[in-house]
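Topology and contacts: notes
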Amino acid sequence: MAMMQRCFSNRILQQFCSGTQVTLLSGCHRAAGRRSLSSVPGVRERTLIAIKPDGVQRRLVGQIIQRFEQRGFKLVGLKMLQVSDDLLSQHYGQLRTKPFYPGLLQYMTSGPVVAMVWEGYKVIESSRMMVGHTNPAEAQPGTVRGDFSIHVSRNVVHASDSVEGAQREIQLWFKGKELLNWECCDHASTFGL
Ligand SMILES: Nc1ncnc2c1ncn2[C@@H]1O[C@H](COP(=O)(O)OP(=O)(O)OP(=O)(O)O)[C@@H](O)[C@H]1O
Ligand SMILES: Nc1ccn([C@@H]2O[C@H](COP(=O)(O)OP(=O)(O)O)[C@@H](O)[C@H]2O)c(=O)n1
Ligand SMILES: [Mg+2]
């Protein structure tokens, strides 16, 4: 390789190694004749991720966002809010009869929450894997909960757990105009288009 580097300029070396790579390096424009992003099923899937009050208090917001960006997902909505009892009772309605429900409401209204909508291929399933088990004691190291939390009552982050749940939660937490449709310039790297 050292010999090759002496013989070729960087540009020629890139062409030699991979024609695809040259396309990537030449800019963010989609090459003519390639499939559009929308033609790939599932790439527009969206999920609600919320950094709970403990995550905000512990200044974990940046690290959590970074994990989703690094994975390759696209941020299409972001806001910080003090969550109302009304929103929470709709969000966690299915847990109303659980013994921990009053504590959950108290926790979730104890300070600001950072709510986000992330988009990408299988983002719902992938983000549940990234977030980890509900109970941090059972969450794998490498997951958000497995790395940043120890007790189920303070598990740092929420992630939608199904397609239907994600659609319901996104509509609950965000107005349509708060979500942006924008194109990332790295389709070729992320989806192989
Ligand atoms: N035994 C418990 N004690 C205290 N809090 C709990 C307990 N079980 C669950 N919770 C809280 O309720 C939340 C909702 O529980 P759920 O079963 O939906 O888990 P989850 O889907 O992993 O969490 P989330 O919906 O917040 O992403 C948990 O994330 C946790 O904050
Ligand atoms: N035994 C439990 C279960 C959930 N919870 C809380 O309730 C939230 C929602 O529960 P959930 O079953 O939807 O779990 P996740 O989707 O958050 O993983 C959890 O994230 C916890 O904050 C709790 O405090 N104690
Ligand atoms: Mg849940």
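Residues numbered from 1 in each chain as written. Chains lettered and ligands numbered in written order. Predicted model: local features only at pLDDT ≥ 70, side-chain atom pairs only at ≥ 80, totals over all residues. Heavy atoms only, no water.

Stated precisely, the cut-off is as follows: UniProt positions are given in the numbering used here, feature names are shortened, and annotations may be inferred rather than shown by experiment.
An unreviewed UniProt entry annotates the protein as Nucleoside diphosphate kinase originating from Sparus aurata. Among the UniProt annotations of the protein, the heading Function (unreviewed entry) holds the following wording: "Major role in the synthesis of nucleoside triphosphates other than ATP."

1. Let's talk about the site of ligand 2
How we decide: Residues are classed as near a molecule or strand on a simple rule: at least one heavy atom within 4 Å of it. Here a polar contact is recorded for every N or O atom pair within 3.5 Å, except that within protein the pair must consist of a potential hydrogen donor and a potential acceptor, and residues adjacent in sequence are included only if both atoms are side-chain atoms. Throughout, the Shrake-Rupley method with a 1.4 Å probe supplies accessible areas, and for residues the shown protein chains are the sole cover considered.
The local shell around ligand 2 consists of Lys52, Tyr92, Leu95, Phe100, Leu104, Tyr107, Arg128, Thr134, Arg145, Val152, Ser153 and Asn155. Between ligand 2 and the protein, one listed contact pairs an oxygen atom with a side-chain N or O atom of Arg145 at 2.8 Å. At a separation of 2.8 Å, an oxygen atom of ligand 2 approaches a polar side-chain atom of Asn155. For ligand 2, whose unbound accessible area comes to 490 Å², protein coverage reaches 80%.

2. Focus on the site of ligand 1
Quick reminder of the rule: Buriedness for pockets is judged along seven lines, at least five of which must meet protein on both sides within 12 Å for an open set on the 1 Å grid over protein atoms alone, while cavities are sets there where a 1.4 Å probe fits but cannot get out, and lining residues have an atom within 4 Å of a point. Here the criterion for a molecule occupying a pocket or cavity is that more than half of its atoms lie within 2 Å of the pocket grid points. Counting from the N terminus, the helices are the DSSP runs of H or I reaching at least four residues and the strands are the DSSP runs of E reaching at least two. Under the grouping applied here, Gly and all other residues not named as nonpolar or charged are polar, the nonpolar ones being Ala, Val, Leu, Ile, Met, Phe, Trp, Tyr, Cys and Pro and the charged ones Asp, Glu, Lys and Arg.
Lining the immediate surroundings of ligand 1 are 14 residues, of which Lys52, Tyr92, Thr134, Asn155 and His158 lie closest. Thr134 is positioned such that a nitrogen or oxygen atom in its side chain is 2.3 Å from an oxygen atom of ligand 1. At 3.2 Å, a backbone N or O of Ala159 approaches an oxygen atom of ligand 1. Cavity membership is defined here by more than half of the atoms lying within 2 Å of grid points; on that basis ligand 1 lies in the largest pocket. Contributions of two or more residues to the shell around ligand 1 are made by α7 (101-108) and β4 (157-159). Here the residues of the shell around ligand 1 sort into seven nonpolar, four polar and three charged.

3. Re the packing of aromatic side chains
This is how the line gets drawn: Think of it this way: a Phe, Tyr or Trp ring, Trp meaning its six-membered ring, pairs with another when their centres are within 6.5 Å, and the plane angle makes it stacked under 30 degrees, edge-to-face over 60, tilted otherwise. We call a charge positioned above a ring when the Lys NZ or Arg CZ atom is no farther than 6 Å from the ring centre and deviates by at most 35 degrees from the ring normal.
Counted by the stated rule, this structure contains one aromatic pair. Directly above the ring of Trp182 sits Lys74, whose terminal nitrogen or CZ lies 5.6 Å from the centroid. When the ring centre of Phe174 is taken as origin, the NZ or CZ atom of Lys79, which lies over that ring, is 4.6 Å away.

4. A closer look at the pattern of salt bridges
Our working definition: Salt bridges are defined by distance alone: a side-chain nitrogen of Lys or Arg within 4 Å of a carboxyl oxygen of Asp or Glu. For the exposure calls, accessible area comes from a 1.4 Å probe over protein chains only, and a residue counts as buried if that area is under 20% of its type's maximum, exposed if over 50%, partly exposed in between.
A full pass over the atoms with the stated rule returns six salt bridges. A salt bridge links Arg44 to Glu183; its shortest N-O distance comes to 3.2 Å. You can see Arg44 sitting in the loop between α3 (19-25) and β1 (46-51) and its partner Glu183 sitting in the loop between α10 (163-173) and α11 (187-191), a full 139 residues away along the chain. With relative accessibility at 35%, the residue Arg44 sits in the partly exposed group. With its nearest N and O atoms 3.3 Å apart, the salt bridge here joins Glu119 to Lys74. Residue Glu119 is found in strand β3 (residues 113-119), and its partner Lys74 is found in strand β2 (residues 74-81); the two are separated by 45 residues along the sequence. Using a relative accessible area of 7% as the deciding quantity, one classes Lys74 as buried. Each of Arg44, Arg46, Lys74, Glu119 and Glu183 takes part in a single network of salt bridges with overlapping partners.

5. Observations concerning the UniProt feature "active site" (unreviewed entry) in the protein
Note the cut-off: Contacts are assigned to residue pairs with any non-hydrogen atoms lying within 4.5 Å of each other.
In the numbering adopted here, UniProt assigns the feature "active site" (unreviewed entry) to His158. As for its position among the elements, His158 is in strand β4. If we ignore the near neighbours within four places in the chain, the residues touching His158 are Leu48, Ile49, Ala50, Lys52, His91, Tyr92, Arg145 and Glu169.

6. As for the UniProt feature "domain: Nucleoside diphosphate kinase-like" (unreviewed entry) in the protein
Following the UniProt record, one finds the feature "domain: Nucleoside diphosphate kinase-like" (unreviewed entry) at residues 44-181. Secondary structure within residues 44-181 divides into 41% helix and 17% strand; the distance between the first and last C-alpha atoms comes to 10 Å.

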